[in-house]
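Descriptive structure summary
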Amino acid sequence: MTNIIQTGDKVLRKTAQEIALAEIKTPKIKDVLEKMTDALSSAKDGVALAAPQIGLPLRIFIVYKIYTDQKTMQKMAEKEKKAGKKLSPAEFGFDVFINPKITKISKKKQAVKEGCLSVIGVFGAMQRAEKVTVEAYNEKGEKFSRGASGLLAQIFQHETDHLNGILFTDSAVDL
């Protein structure tokens, strides 16, 4: 099992390195993605994970598909109803964001409660942009752009902060 590192580890404060496009489809990056999905799947809570959180200063984050794709969220709800129990979001997969860049950010902010798998047991209030657009590469090396609002916009901002050595506790209030 891959462990999620905790606050105090120096890698969480480093600016993560970009992945060369030729490297995206290599066994090395595939292994990194497997470790990340293993770590996030094993975590009690959490919706996304950045590579620095497993000790690797690389510009990669993953998000459970149920948060990035409305159809996947509906499939999960239907399967849970049939099964009569809560299912693991990991069963529905992950979306991969390699070398993500926030290209648009709304001026309008929202107050949100936030926590982090690298700062277990601590929560705080954050001001995040209501809407953002992210450009990134997937695990196949294909470039894509994704707009988001609400929770998904918050996730994109939180994970991008990790890639820049920033923790939510740096600016959250009411911790």
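Residues numbered from 1 in each chain as written. Predicted model: local features only at pLDDT ≥ 70, side-chain atom pairs only at ≥ 80, totals over all residues. Heavy atoms only, no water.

Regarding unusual backbone geometry
In this model, Asn-99 sits at a positive phi of 55°, which is unusual for a non-glycine residue. Structurally, Asn-99 is set in strand S3 (residues 94-105). Even without a glycine there, the phi angle at Asp-174 is positive, about 55°. You can see Asp-174 is positioned in the segment after helix H4 (150-163). (Helix = DSSP H or I, 4+ residues; strand = E, 2+ residues; numbered from the N terminus.)

Comments concerning H4
Here H4 is 14 residues long and its end C-alpha atoms lie 21 Å apart, about the 20 Å a rise of 1.5 Å per residue gives. Among the 14 residues that make up H4, 12 are buried, leaving the element largely enclosed by the rest of the structure. Phi turns positive one or two residues past the end of H4, at Gly-165, with a value near 75°. (Expected span 1.5 Å × (residues − 1). Buried < 20%, exposed > 50% of the residue type's maximum accessible area, 1.4 Å probe, protein only.)

Focus on the packing of aromatic side chains
Under the definition given, this model contains 5 aromatic pairs. Here the aromatic rings of Tyr-64 and Phe-94 are separated by 5.0 Å at their centres, their planes lie at 25°, and the arrangement is stacked. Of this pair, Tyr-64 sits in strand S2 (residues 60-64) while Phe-94 is found in strand S3, placing the two residues 30 residues apart along the sequence. Classification of Phe-94 as buried rests on a relative accessible area of 17%. Grouping aromatic residues by their ring pairs yields a cluster made of Phe-61, Phe-97, Phe-144 and Phe-156. When the ring centre of Phe-123 is taken as reference, the NZ or CZ atom of Lys-113 above it lies at 5.3 Å. (Phe/Tyr/Trp six-rings, centres within 6.5 Å; stacked < 30°, edge-to-face > 60°. Lys NZ or Arg CZ within 6 Å of the ring centre and 35° of its normal.)

Concerning the sheet that holds strand S7 (residues 143-149)
Judged by pairing direction, the sheet is antiparallel, and its 5 strands sit side by side in the order S1-S2-S3-S6-S7 without closing on themselves. Two strands lie at the open edges of the sheet, namely strand S1 (48-50) and S7, each paired on one side alone. Averaged over neighbouring strand pairs, the angle between their axes works out to 40° when direction is ignored. The strands touched by helix H1 (residues 27-42) within the sheet are S1, S2 and S3, with S2 carrying the most contacts at an inclination of about 45°. Sheet strands in contact with H4 are S1, S2, S3, strand S6 (131-137) and S7, and its direction is about 125° off that of S7. (Pairing = 2+ DSSP bridges. Axes fitted to C-alpha atoms, helices over the stretch in contact; angles between N-to-C directions. Contact = heavy atoms within 4.5 Å.)

The values reported here are purely geometric and, on their own, carry no functional implication.
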